[in-house]
Amino acid sequence: MSDPHSGVAPIREEFLAKPEQAERKRKPKERGQNKKRSKVSVREENALCPAISVGKECPFQSNCKFGHDVEVYLSQKEPDLGEKCVNFETYGICPAGYKCRWLSGHVKLNEDGKHELVEKPDSKFGLTMLNAVDKNVQKKLRTKQLDLSKAERMISIVLGEEKPKSNDQNIQESPKQEVNGTRDQNQDQTLADNNDPKAVKEDGPESQATETPQKQDEGEGNHKVTTDGIHKQSRSDVLLPTLRPQEKRRIDWKGRKILAPLTTVGNPPFRRLCGSLGADTFYTEMAMCQPLMQGHQPEWALVRGINTEREIMPSGRKGILGIQLACSKLWQGVKTAQVIAENCDGADFLDLNCGCPIDLVFRQGAGSSLLESPSRLIRNLQGIDAISGTIPTTVKLRTGNREDHPVVNKLLSRIHQETNTSAAVLHGRSRQQRYSKLANWEYVKDCASNIRKLNEGIEDLPEGSLRTQPLAFIGNGDCYSWEDWYEGMDTGVDTTMIARGALVKPWIFEEIDARQYIDKSSTQRLEILQEYCNNGLQYWGSDAQGINTTRRFFLEFMSFFHRYTPIALFEVARPRLNQRPPLYNARDEMEGMLASTNVNDWLKLSERFLGPTPSRFNFTPKHKSNSIEEAEG
Ligand SMILES: Cc1cc2nc3c(=O)[nH]c(=O)nc-3n(C[C@H](O)[C@H](O)[C@H](O)COP(=O)(O)O)c2cc1C
């Protein structure tokens, strides 16, 4: 039998490497992230003006810092990488124009000796960027000129300092802030404190310490809130303006195939790849509200998506895309949600990250730190949900911060009772645990059962109730096969979310549909890598810079993808995410190459799709251990 707790994958004997081969020592495993990674951007020497490159006039004319002579540029340009440009072949047009490294596929030489770009008739580039917040809005954020008065009023209302007016959509009661007598420590904070980042009374980890985990845990297990109790709550001093139930979009989470939020690796090209392999629910990479509010452009780039994520998926279900935010303070979350609600065209839900364990985030009072400040967590959810119009809110949690001290079941009751959150995801591990030991699905099951009870009769609540929909509950942790996924479903969750399993085996979503393992040959796996690179060239561009970015993220992806051990090599067909195989002999040369742990082999693979690696290119994977146990999240 395969022991899920053993770290060694059971490989069939005929594939095991001979002892003398196996003796070649594995490098000692490094842990943690590579924090000092240098990025070398590969820029062209005599770069062509972006407008001229696509055959347009340059608005800056003689003030433009880029070259305008196409023929001079082409005479100095590096040779093409091939004749077939993936953008031109797919859409009949290439947005990189003359800069494309596969230019010969879409250029002609005229009689006058000048080159001219070619486009297919009625061509249209089919990929559109979602949630690309206008540069002017970002500038206004940087100069503090954006009108955020709506958010400011909402903050004041959530803090109970102001009552909503009758024209604030519908006014709905929030249940009392006190649950089991634990009133929030920071409730008396003033509006000014909350609006002005500089003036904010520091309610970071120090003040959070006032709400000790021990205190939170009082009554865990005894905490029962009945549906009846929700609408019988007496009127509290907090009134939330929210939309009518039929106006807040409702998401049917049941059985959705969710690709988890994944910093760095869960970029749009990877999400698109998973979509083509059966995923139907996507998250952007976690963005921090504070830099978003400072108009920090690279942070705003994280909330972007592409149209393919919201199209009808191969399964027939409509794809949905959520924007994941991390914040500590109410003003950060509410103001960001206002900007998103007003400026983003592709957000199906807003997710509050309450699970991120990394120190940098935790120390700011965000991520899993919020698990220690339940009232603040609740207020953040209330505020984000109230300001975000029709966009529903979700939350992603860990079991708690300490391994021996799960706090989330009780917190889930409060989330159910005091917010209208659409779904809660639980990664069944604590912050302290990171990725050690298996996720605690028994605990996930207990939470699922708690929420099921709370959801009973929810549809019959009278108009005016804060909760207008059942709270969906999603389990997460260690799902690496269709068997894991259905086993997760058996715990009573609405669905199971997949993170590392999809990075190692992106066709896991196909396996779930087929209810069987799929033994992809090395050729098929190469096709998956080709698709990833094509997605990258379509998203980041087929010019030198786009290729560079695609290669960098390809290598990050390889740092997970190489961990796949073909199912046919297993003694028993139940591979586990936490198991590493002993040294084995692959079935063919390419299979061996795909399983290599050597970055140089990954680079060689990248060259099949992206051409030779420039000499200045350097790459250090984000995760030292080659990824799997030490990633964030
Ligand atoms: C590389 C990597 C990046 C992650 N980034 C995020 C993130 O941005 N936001 C988040 O909520 N979780 C993040 N996570 C956590 C995952 O979403 C997920 O909760 C966790 O990996 C457990 O699921 P798994 O066992 O299926 O991997 C990340 C995980 C990994 C491996």
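Structure's up top.
Residues numbered from 1 in each chain as written. Predicted model: local features only at pLDDT ≥ 70, side-chain atom pairs only at ≥ 80, totals over all residues. Heavy atoms only, no water.

## Regarding the state of the cysteines
Each disulfide consists of one covalent bond between the sulfur atoms belonging to two cysteines. Counted only if it meets this: The term disulfide is used for any two cysteine sulfur atoms that are within 2.5 Å. We call a residue buried when its accessible area falls under 20% of the maximum for its residue type, exposed when it is over 50%, and partly exposed in between, using a 1.4 Å probe and counting protein chains only.
What the rule picks out here adds up to 0 disulfides. With no disulfide of its own, C344 lies 12 Å from the sulfur of C289, the closest cysteine sulfur. Of all cysteine sulfurs in the structure, the one in C354 sits closest to C356, which takes part in no disulfide; the separation is 11 Å. Overall, the relative accessible area of 3% leaves C356 in the buried class.

## Details of the packing of aromatic side chains
In plain terms, the rule: A pair of Phe, Tyr and Trp rings is counted when the ring centres sit within 6.5 Å of each other, with Trp represented by its six-membered ring. The angle between the planes then sorts it: under 30 degrees is stacked, over 60 is edge-to-face, the rest tilted. Numbering of helices and strands runs from the N terminus; a helix is a DSSP stretch of H or I covering at least four residues, while a strand is a stretch of E covering at least two. Only lysine NZ and arginine CZ atoms are considered, and such an atom sits over a ring when it is within 6 Å of the ring centre and within 35 degrees of the ring normal.
For the structure shown, the criterion picks out 14 aromatic pairs. Ring plane angle 70° and centroid distance 4.8 Å describe the contact between Y91 and F125, whose orientation is recorded as edge-to-face. Of this pair, Y91 sits in helix 4 (residues 86-91) while F125 sits in the loop between strand 2 (115-117) and strand 3 (129-130), placing them 34 residues apart in sequence. Here F125 falls in the partly exposed class, since its relative accessible area comes to 21%. Both rings, one in W540 and one in F553, keep their centres 5.0 Å apart while their planes meet at 15°; by these two values the pair is stacked. Linking W540 in helix 22 (residues 522-540) with F553 in helix 23 (residues 544-561), this pair joins segments that are 13 residues apart in sequence. On the basis of relative accessible area, W540 is assigned to the partly exposed category, the value being 22%. Grouping aromatic residues by their ring pairs yields a cluster made of F270, Y532, F554, F557, F561 and F609. Stacked on the ring of Y480, the Lys or Arg K505 has its end atom at 4.7 Å from the ring centre. The cationic tip of R515 hangs over the ring face of Y486; the distance from NZ or CZ to the ring centre is 3.9 Å.

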